[in-house]
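# A structural walkthrough
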Amino acid sequence: MAAISVLDVQKIEAANIPNYSQLLNSIPGVYMHSGAINTNRMIIRGIGSRSQFDTEKVRAYFSNIPLTNGSGQTTIEDLDLNLLGKMEIL
């Protein structure tokens, strides 16, 4: 059994937030720090906490297309928030 948090389009638009970090930090168990271009970091329920300056071991998909590269790093900030209809965190 897994815990699922969902941000639907109404919540995303109602937040009226220009970046991912503030939106994702509103979800319990999720922490995102937005620094310079190469220092964005996301932790989901402890996963990814060992990496200091990037997001590792967190898999992200956009319409079943993986956003995680071959070395396990994810950069979701490349997507425009206006493209999203829903975000699910497992």
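Quick note: structure is the one above.
The following refers to the structure shown.

Criteria and cut-off values
Every chain is numbered independently, its residues counted from 1 as its sequence is written. For a predicted model such as this one, the threshold for reporting local features is a pLDDT of at least 70, and the threshold for listing and counting side-chain atom pairs is 80 or more; totals across whole chains, interfaces and linings nevertheless cover every residue. Just so you know, side-chain values use all the structure's heavy atoms and leave hydrogens and water out. Working definition: helices are DSSP H or I runs of at least four residues, strands are E runs of at least two. Numbering for both runs from the N terminus. The classification of residues rests on relative accessible area computed with a 1.4 Å probe and restricted to protein chains. Under 20% of the type maximum is buried, over 50% is exposed, and intermediate values are partly exposed.

Unusually for a residue other than glycine, serine 63 sits at a positive phi of about 50°. Here serine 63 shows up in the loop between β4 (61-62) and β5 (65-66). On the basis of relative accessible area, serine 63 is assigned to the exposed category, the value being 60%. The phi dihedral of asparagine 64 falls on the positive side, at around 65°, and the residue is not glycine. Here asparagine 64 shows up in the loop between β4 and β5.

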